[in-house]
Amino acid sequence: MAKEAATAIEPTREENYPEWYQEVIKASDMAENSPVRGCMVIKPWGYALWENISRVLDDMFKQTGVKNAYFPLFIPLSFLEKEAAHVEGFAKECAVVTHHRLEKGGNGGLVPAGPLTEPLIVRPTSETIIGDAFSKWITSYRDLPVLINQWANVVRWEMRTRLFLRTSEFLWQEGHTAHATAAEAIERTRMMLEVYRKVSEDYLAIPVITGEKSASEKFPGAETTTCIEAMMQDRKALQAGTSHFLGQNFAHASQIKYQSEKEIEEYAWTTSWGVSTRLIGALIMTHSDDNGVILPPRVASAHVVLMPIIRKEQNRDAIMDYTQGIADRLRKLAYYGRNIQVEIDSRDIGGARNWEWIKKGIPLRVEIGPKDMASDSVFVGRRDKDPRDKAAFRKDAFVDGVKDLLDEIQNNLYQKALDFKNTHTRPMDEKTDFDAFFTPKNTERPEIHGGFALSHWCGNAGCEKNIKDRLNVTIRCIPFGGGNEAGRCIECNGPSAKRVVFAKAY
RNA sequence: CGGGGCGUGGCGCAGUCUGGCAGCGCGCCUGCUUUGGGAGCAGGAAGCCGCAGGUUCAAAUCCUGCCGCCCCGACCA
């Protein structure tokens, strides 16, 4: 027997969180770096997650009247220039296409030829190109609202990239809507944020805080940006989704106008909202442990792995039949929008097989050997429990109860994440406490520290900046609900009407 | 773009200081024995030592330039 590591993943979260994150992804076989700088290859086990998340979102979008469409990957440079704040926000991270042909170069290579008269940028987001379409589609108040979503890839040339969390190219959906009134657009902004909250909490089992961004953190060109913020296991905040009220900024830029009932020319009010493959990063960092990924059942790449244990060759057919019979029954069961997905892994590689599936985070591992078959049973391990904590089930009881079992795991994951978030979220009124909260004890090798501080803020951008410069802590959002409560700004002691969420962020 | 680290079979690394046969562990393939907590033995395949120049009888090793990756920061979903 080979040596056993204390944990399947090294280093552990405690030892080196960023490296742990990378190792977890590698061990789960979800994605890998590609030859293209900053771009990832999403492998089947990771892509299945995205498919499942997409399906849930897509259904919910459609239930609110949104329809899917598709717009070009390339955006004329002049389009991006139309909205001043938007240009400022995205100019630094645009990939630009300047040529349309390759020719043989001097030493056998290829060189770009045929310069474009107007460079094209690869979309970092599609407000401008979709705004242009909307300007043609909308002429009357009768055309409104227009409710469009597209599933697409976008490119943002980031300095530093990390699998799923920040890659040069990523997959996302971007919703774009146009409305006759500000009130209706604001309502839509909140409605879609609510969809994100629901998917995040009910499917990904990631508890979030919903709220509004401060002026410095909002989307370039937006009037207001609302967001869902989640806490990762290193207690840093991750912005998991945003929904923007764009006012009439993009309507002016793209000339989205309509004639009202009163025969007056009006500009439309628009929104945009998106979530991306970053959600997968959020999911990994919320649930995974030192043995690898833990997938919430409702979006898991697969639900159950069946592992036949064939001790004697003459048992093979009987055990495989028994296993196949269980798989057939499980696959007929519907669970949250799809049938139970079953993997059968009959590889003869000893205990390594079990550990591979632990690292991949599959919710249920089922061992099926001669003893189980003899007693009409199965031996089940749950990913939300210790790897050695396994229990025998009667076969029928397991099959009939598998959906309850999956829901139990789903709820456990959510509850655990919620407890973690609550434990590390605290009101903070004294500047010294605030600074201590966000300062690691060991400056050489900072330990996991901090969390969400609920503190008062006077609304002044200067105070926000001071805090960022001093502690690298930002306002993640001004949370909805919770009520107003007068207090004193954590930075300047000025009057404040409400607490906001401060945290270090990804 | 600033600071730090690193590029050697698929993965992780040693070898570089002091130039002289391309190595180790894991993984992979074959066979036998095993199997309910990460199997054992035997055999085997797999390398442009990041790239390009230079020095040398000889370069993974020395020199010059470039490229890429990772971590921290700035930027960001």
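Being a predicted model, the structure only gives us computed values, none of them experimental. The residue count restarts for each chain, going from 1 along the sequence in the order it is written. Following the order in which they are written, the chains are lettered starting with A and the ligands numbered starting with 1. Predicted model: local features are reported for residues with pLDDT of at least 70 only, side-chain atom pairs are reported and counted for 80 or more only, and whole-chain, interface and lining totals are derived from all residues. Hydrogen atoms and water are omitted, and side-chain values are computed over all heavy atoms in the structure.

Draft legend 1. Here's a closer look at the packing of helix H2 (residues 44-63) against helix H6 (residues 182-203). To get an axis, fit a line to the C-alpha atoms, keeping to the stretch in contact for a helix; angles then go from 0 to 180 degrees between the N-to-C directions. Counting from the N terminus, the helices are DSSP H or I runs at least four residues long and the strands are E runs at least two residues long. Contact geometry of H2 with H6 gives a least axis separation of 11 Å together with a crossing angle of 145 degrees. Both H2 and H6 take part in a crossing whose hand is right-handed. On the side of H2, the interface is formed by Val-56, Leu-57, Met-60 and Phe-61, while H6 contributes Met-192, Val-195, Tyr-196, Lys-198, Val-199 and Tyr-203. Note on residue categories: nonpolar means Ala, Val, Leu, Ile, Met, Phe, Trp, Tyr, Cys or Pro, charged means Asp, Glu, Lys or Arg, and polar means any other residue, Gly included. Residue composition of the contact of H2 with H6, grouped by class: nine nonpolar, no polar and one charged. The sense of a crossing depends on the near helix, which, turned anticlockwise from the far helix by less than a right angle, makes the crossing left-handed and, turned clockwise, makes it right-handed. The contact rule is simple, with two residues in contact once any of their heavy atoms fall within 4.5 Å.

Draft legend 2. Structural view of the packing of aromatic side chains. Aromatic rings from Phe, Tyr and Trp, taking only the six-membered ring of Trp, are treated as a pair when their centres fall within 6.5 Å; an angle between ring planes under 30 degrees marks them as stacked, one over 60 as edge-to-face, and anything in between as tilted. Overall, the coordinates contain 17 aromatic pairs when judged by the stated rule. Seen from their ring centres, Trp-50 and Trp-151 are 6.0 Å apart, and the 75 degrees between their planes marks the pair as edge-to-face. In this pair, Trp-50 is assigned in helix H2 and Trp-151 in strand S7 (residues 146-155), connecting sequence segments 101 residues apart. Remark: exposure states derive from per-residue accessible area (1.4 Å probe, protein chains only) relative to the maximum for the residue type, with buried under 20%, exposed over 50%, and partly exposed in between. A residue is classified by how much of its surface remains accessible, and Trp-50, at 4% relative accessible area, is buried. Residue Trp-151 is classed as partly exposed on the basis of its relative accessible area, which comes to 23%. The interplanar angle of 65 degrees and the centroid separation of 5.1 Å between the aromatic rings of Phe-61 and Trp-273 together place this pair among those described as edge-to-face. In this pair, Phe-61 is assigned in helix H2 and Trp-273 in strand S14 (residues 269-276), connecting sequence segments 212 residues apart. The exposure classification of Phe-61 matches that of Trp-273, with both residues buried. An aromatic cluster is built from Trp-50, Phe-61, Trp-151, Tyr-196 and Trp-273, whose rings are joined through pairwise contacts. Any Lys NZ or Arg CZ that is within 6 Å of a ring centre and within 35 degrees of that ring's normal is treated as a charge sitting over the ring. Sitting over the ring of Phe-79, Lys-82 keeps its end group 4.0 Å from the ring centre.

Draft legend 3. Spotlight on the sheet that holds S7. An order of S3-S7-S8-S14-S11-S10-S9-S24-S27-S23-S22 is seen for the 11 strands of this open sheet, with the pairing classed as mixed. Strands at the two margins of the open sheet, each flanked by one partner only, are strand S3 (67-68) and strand S22 (425-427). Against the sheet, helix H8 (residues 278-287) touches strand S10 (224-231), strand S11 (237-245) and S14, its axis set at about 145 degrees to S11. Strands pair, by our definition, only if DSSP identifies at least two bridges between them.

Draft legend 4. Representation of the pairing of strand S8 (residues 169-179) within the structure. For S8, a buried count of nine out of 11 residues is recorded, marking the element as mostly surrounded by other parts of the structure. Direction of pairing for S7 relative to S8: antiparallel, over a ladder of 10 bridges. Counterpart to Ala-152 in the pairing with S8 is Trp-172. Judged from the eight bridges that link them, S8 and S14 form a sheet pairing that is antiparallel. Within S14, the position partnered with His-176 by the bridge is Ser-272.

Draft legend 5. Representation of the nonpolar core within the structure. Counting residues in hydrophobic clusters, the biggest one holds 55 residues, and the most contacted among them are Tyr-21, Ile-53, Leu-57, Phe-61, Phe-164, Met-232 and Ile-284. At the level of secondary structure, the elements contributing two or more residues to this core comprise helix H1 (17-28), H2, H6, S10, S11, S14, H8 and strand S15 (304-308). It is H2 that contributes the most residues to this core, eight residues altogether. Each of two domains, domain 1 (17-71 + 125-287) and domain 2 (304-408), supplies a minimum of three residues to this core. Here Ile-53 is in contact with Leu-204, Leu-279, Ile-280 and Val-299, once residues within four sequence places are set aside. Counting residues in each nonpolar core, the second largest holds 23 residues, with Val-366, Val-380, Phe-398 and Leu-406 among its members. What is meant by a nonpolar core is a set of buried Ala, Val, Leu, Ile, Met, Phe, Trp, Tyr and Cys residues, joined one to another through side-chain atoms within 4.5 Å. Each domain's extent was defined by an automatic or database domain assignment.

Draft legend 6. Main features of the packing of H1 against H8. Taken N-terminus to C-terminus, the directions of H1 and H8 make an angle of 110 degrees; their axes are 11 Å apart at the nearest point. In terms of orientation, H1 lies roughly perpendicular with respect to H8. Between H1 and H8 the crossing geometry is right-handed. In this structure, H1 uses Tyr-17, Trp-20, Tyr-21, Val-24 and Ile-25 to contact H8, whose residues at the interface are Gly-281, Ile-284 and Met-285. The class makeup of the residues in the contact of H1 with H8 is seven nonpolar, one polar and no charged. Relative orientations are named as follows: roughly parallel for angles under 35 degrees, roughly antiparallel for angles over 145 degrees, roughly perpendicular for angles from 65 to 115 degrees, and oblique for any other angle.

Draft legend 7. Structural view of unusual backbone geometry. Across the junction of Leu-144 and Pro-145, the peptide omega takes the value -5 degrees, indicating a cis bond. Following the sequence through the fold, Pro-145 ends up in the loop between helix H5 (127-137) and S7. Unusually for a residue other than glycine, Glu-263 sits at a positive phi of about 65 degrees. Structurally, Glu-263 is set in the loop between strand S12 (257-259) and strand S13 (265-267).

Draft legend 8. Just the domain arrangement of chain A, in detail. Each domain of chain A was delimited in the assignment, giving domain 1 (17-71 + 125-287), domain 2 (304-408) and domain 3 (425-503). Here the C-alpha centre of domain 2 lies 37 Å away from the C-alpha centre of domain 1. Tallying the contact residues gives seven residues for domain 1 and eight residues for domain 2. Once two parts are put together, the accessible area they lose, assessed with a 1.4 Å probe and summed over both, is termed the buried area. For the pair domain 1 and domain 2, the summed buried area comes to about 640 Å², and 58% of that belongs to carbon and sulfur atoms. We define a salt bridge as a side-chain nitrogen of Lys or Arg found within 4 Å of a carboxyl oxygen belonging to Asp or Glu. The interface formed by domain 1 and domain 2 holds zero salt bridges in total. Pairing of N or O atoms within 3.5 Å defines a polar contact, subject to two protein rules: one partner must be a possible hydrogen donor and the other a possible acceptor, and residues neighboring in sequence count only if both atoms are side-chain atoms. Counting across the interface, domain 1 meets domain 2 through two residue pairs in polar contact (both at pLDDT 80 or more).

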